[in-house]
Amino acid sequence: MQHIDQLQPSEDFMDAWQAAGRHLQRLGGDSMVWIRADLDTPFIEHLAFRLGNQLVFVYLLTEESVSDEVLAPFHELADMAHAIPCLMPMNKGIRGYEAALPGWGLRHSRTEGLVDV
């Protein structure tokens, strides 16, 4: 077994992560099956779920950009699982975090198009 060092997420990030999960659950309803709904380390994707036969891996953005160094293993994992790799930008407002994009709040991490699961 190999030890992988990874920092624990900050409380601010955990707030964004919880808001993202609530947002996605509200849209997916009873049809959504969560695959990753925890922040236990190590992780590459922040959230993962299945709707029907489609897997979706979500990487949250609380800042504007993410490096290719971070996205490379995320894309590799999504490719191995035949999942849609999505970025989910989150904005922090007076009421806390909310999805920055309309609808599901997901953007394909390669094409940058909006994803409507």
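My aim in this report is to walk through the structure given alongside it, one point at a time. Just so it is clear, the model here is predicted, and its values are computed rather than measured. (Residues numbered from 1 in each chain as written. Predicted model: local features only at pLDDT ≥ 70, side-chain atom pairs only at ≥ 80, totals over all residues. Heavy atoms only, no water.)

## Some words on the environment of Arg 50
The following threshold applies: Secondary structure follows DSSP: runs of H or I at least 4 residues long count as helices, runs of E at least 2 residues long count as strands, and numbering of each begins at the N terminus. Classification of residues uses two cut-offs on accessible area relative to the type maximum, computed with a 1.4 Å probe and protein chains only: under 20% is buried, over 50% is exposed, and between them is partly exposed. For this analysis, residues touch if any pair of their heavy atoms sits within 4.5 Å. Counted as a polar contact is a pair of N or O atoms within 3.5 Å, where, for protein atoms, one must be capable of donating a hydrogen and the other of accepting one, and residues adjacent in sequence contribute only when both atoms are in side chains.
Residue placement: Arg 50 occurs in strand β2 (residues 47-51). Taking the relative accessible area as the measure of exposure, Arg 50 reaches 34% and is therefore partly exposed. In this structure Arg 50 touches Ser 31, Met 32, Val 33, Ile 35 and Leu 55, once residues within four positions along its chain are discounted. Engagement of the side chain of Arg 50 in a polar contact is seen with the backbone oxygen of Gly 52, the distance being 2.8 Å.

## With respect to the pattern of salt bridges
Rule in force here: For this document, the term salt bridge refers to a Lys or Arg side-chain nitrogen within 4 Å of an Asp or Glu carboxyl oxygen.
Scanning all chains against the criterion turns up 5 salt bridges. For Arg 110, the salt bridge is made with Asp 79, and the minimal N-O distance between the two is 2.9 Å. Here the residue Arg 110 occupies a position in the loop between β6 (106-108) and β7 (114-115), and Asp 79 occupies one in helix α2 (residues 68-81), the gap between them amounting to 31 residues. For Arg 95, the salt bridge is made with Glu 98, and the minimal N-O distance between the two is 3.4 Å. Connected via shared salt-bridge partners are Arg 36, Asp 38 and Glu 45.

## Thoughts on the packing of aromatic side chains
As a reminder, the rule being used: Pairing of aromatic rings covers Phe, Tyr and the six-membered ring of Trp, with a centre-to-centre limit of 6.5 Å; geometry is then stacked below 30 degrees between planes, edge-to-face above 60, and tilted otherwise.
One pass over the full model with this rule turns up 3 aromatic pairs. Look at Trp 34 and Phe 49: their rings are 5.7 Å apart centre to centre, the planes differ by 65°, and that puts the pair in the edge-to-face class. On the criterion of sequence distance, the pair formed by Trp 34 in strand β1 (residues 32-36) and Phe 49 in strand β2 is long-range, its members being 15 residues apart. Accessibility expressed as a relative area gives 25% for Trp 34, which makes it partly exposed. For the pair Tyr 59 and Phe 74, a centre-to-centre distance of 5.7 Å together with 65° between the ring planes defines the contact as edge-to-face. Taken together, the residues Tyr 59 in strand β3 (residues 54-61) and Phe 74 in helix α2 connect sequence positions 15 residues apart. Through a chain of ring-to-ring contacts, the aromatic side chains of Trp 34, Phe 49 and Trp 104 assemble into a single cluster.

## Some remarks on the pairing of strand β5 (residues 96-99)
For clarity, the threshold we go by: Two strands qualify as a pair provided that DSSP identifies no fewer than 2 bridges between them.
Here strand β4 (residues 83-93) runs beside β5; their pairing, made up of 4 bridges, is antiparallel. What sits directly across from Gly 93, in β5, is Gly 96.

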